[in-house]
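# Structural description and commentary
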Amino acid sequence: MAVIKIREIQCKSALSPCGFEKNSFCLNPYIGCGHNCQYCYARYMRYFTGHIEKWGYFIDVRKNIMEILRKQLQSSKYQNIKIFIGTVTDPYQPIERNYGLMRGILEALAECDNKIEILTKSNLILRDIDLLKKIKNIQINITINTLNESWQRLVEPLAPSIEKRLEAVKELRSEGILVCAMVGPYWPYFTNANLLFKKFKELDINKVTTESLNISGNNWIGVEIILKKYYPSILPKMRNLFFNQQNFNKFYNQAGFRLKMLAKKYQIPVAIYF
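Predicted model only: the values in this text are computed from it and were never measured. (Residues numbered from 1 in each chain as written. Predicted model: local features only at pLDDT ≥ 70, side-chain atom pairs only at ≥ 80, totals over all residues. Heavy atoms only, no water.)

## Things to note about the overall build of the chain
Tallying secondary structure elements over the chain gives 10 helices and 11 strands in all. Against the 2.2 N^0.38 benchmark of 19 Å for 274 residues, the chain shows a C-alpha radius of gyration of 19 Å, consistent with a compact globule. Overall, the chain is about 55 × 45 × 30 Å in size when its C-alpha atoms are taken along their principal axes. Looking at the 274 residues of the chain, the share that counts as buried comes to 55%. Counting 39 positive and 23 negative side-chain charges, the chain places the averaged centre of each group 7 Å from the other. (Helix = DSSP H or I, 4+ residues; strand = E, 2+ residues; numbered from the N terminus. Rg over C-alpha atoms; globule rule 2.2 N^0.38 Å. Buried < 20%, exposed > 50% of the residue type's maximum accessible area, 1.4 Å probe, protein only. Lys, Arg positive; Asp, Glu negative; His and termini not counted. Charge placed at Lys NZ, Arg CZ, Asp CG, Glu CD.)

In structure tokens:
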């Protein structure tokens, strides 16, 4: 396994404009991610940072982000914004155990009234339950796009298991913290929406958000290699689905209809971005 290059850097701004919602900003304590997800849409970030390493093998630690965030939050410009944490990195990736940047970030956010959403695949978030409970308007978005552990280990090799994520959801909900299940990407052949919604209902998930696989850039390459090695019979079907617009639309239109029916059956709101 290749060594991950870690670089400590200073940032000039903790909050950057975000296109998710009107008047929203994103916050990313790291550049790069050690989870090495083979389909990650954020791999384009390497082109803006001067890294020659492959995606998944470098991490920039924004060491001063906590101090910069506190200064920005003092400005009226950021008083009523919504903040998304982890839009191009997982804030709770393994290196967070050593640096603990999220502790300082959450302490600062607990002192303001901004709406906060955290995106993660990691049960490490449980470390910070004490601080999460102090933030008035917070939602945790945890990626759970399959219950097939074999597939998950292949496409998300260094991310926590699905079982650990489900346990994290259970504990967060027991503490009254809102949790959204991120079914992204919604996989052909590997995402079983019926089983997922049944499990989400058991865990008292508050909301489901889903999106299709983004194959732009080099996002498809890693997935294709895995399919070729472990699921050779599925590879041509997947390729035909993602590289044929008509087939793509047909599949995700049907998936969207199925999700709406399940949302109604289990009374869990769903947001679909196909």
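## Some points on unusual backbone geometry
Residues apart from glycine generally show negative phi values, whereas peptide bonds are mostly found in trans. The linkage connecting G184 with the following residue, P185, adopts the cis geometry, with an omega of -5°. For Y189, which is not glycine, the phi torsion reads 75° and is therefore positive. You can see Y189 is positioned in the loop between β9 (178-183) and α7 (193-202). Positive phi is not limited to glycine here, since D204 has a value of about 65°.

## A short note on the sheet that holds strand β5 (residues 58-62)
A sheet is described by the order of its strands in space; here three strands give the open sequence β1-β5-β4, paired in mixed fashion. Single-partner strands in this sheet number two, and they are β1 (5-9) and β4 (30-31). As paired strands, β4 and β5 are joined by two bridges and run antiparallel to one another. Bridged to Y30 within β5 is V61. (Pairing = 2+ DSSP bridges.)

## Let's talk about a nonpolar patch on the surface
A surface patch of nonpolar side chains, amounting to about 600 Å² of accessible area, comprises F20, Y41, Y44, Y47 and F48. Here F20 is to be found in the loop between β2 (16-18) and β3 (24-27). (Patch = residues over 30% accessible without salt bridge, like charges linked within 9 Å, V, L, I, M, F, W, Y side chains within 5 Å. Areas by Shrake-Rupley, 256 points an atom, 1.4 Å probe, with all protein chains shown as cover. Salt bridge = Lys/Arg side-chain N within 4 Å of Asp/Glu carboxyl O.)

## Topic: the packing of aromatic side chains
On inspection of all chains with the given rule, the structure shows 20 aromatic pairs. Measuring from ring centre to ring centre gives 6.3 Å for Y186 and Y252, while their planes differ by 70°; the resulting arrangement is edge-to-face. Within this pair, whereas Y186 is found in the loop between β9 and α7, its partner Y252 is found in helix α10 (residues 245-266), the two being separated by 66 residues in sequence. Y252 matches Y186 in its accessibility class, with the two residues each being buried. The structure contains a cluster of three or more aromatic residues connected by ring pairs, namely Y186, W220, F242, F243, F248, F251, Y252 and F274. (Phe/Tyr/Trp six-rings, centres within 6.5 Å; stacked < 30°, edge-to-face > 60°.)

## Some points on the side chain of N36
Mapped onto the elements of the fold, N36 is located in the loop between β4 and β5. Note on N36: relative accessible area 10%, which makes it buried. Those residues in contact with N36 that sit more than four places away from it in its chain are W55, G56, Y57, V155, P157 and L158. (Contact = heavy atoms within 4.5 Å.)

## Examining the nonpolar core
Inside soluble globular proteins, nonpolar side chains tend to come together where they are buried. With 90 residues, the main nonpolar core has L109 and I118 as its most contacted residues. Considering every element that reaches this core, the biggest residue donor is α10, with eight residues. Setting aside anything within four residues of it in sequence, one finds L109 in contact with L69, L73, I83, I85, I116 and I135. (Core = buried A, V, L, I, M, F, W, Y, C linked by side-chain atoms within 4.5 Å.)

## A look at the environment of I142
The topology assignment puts I142 in strand β8 (residues 138-143). Using a relative accessible area of 1% as the deciding quantity, one classes I142 as buried. For I142 and V169, which are 27 residues apart along the polypeptide, the C-alpha to C-alpha distance reads 7.8 Å. If we ignore the near neighbours within four places in the chain, the residues touching I142 are T120, R165, A168, V169, L172, C180, A181 and M182.

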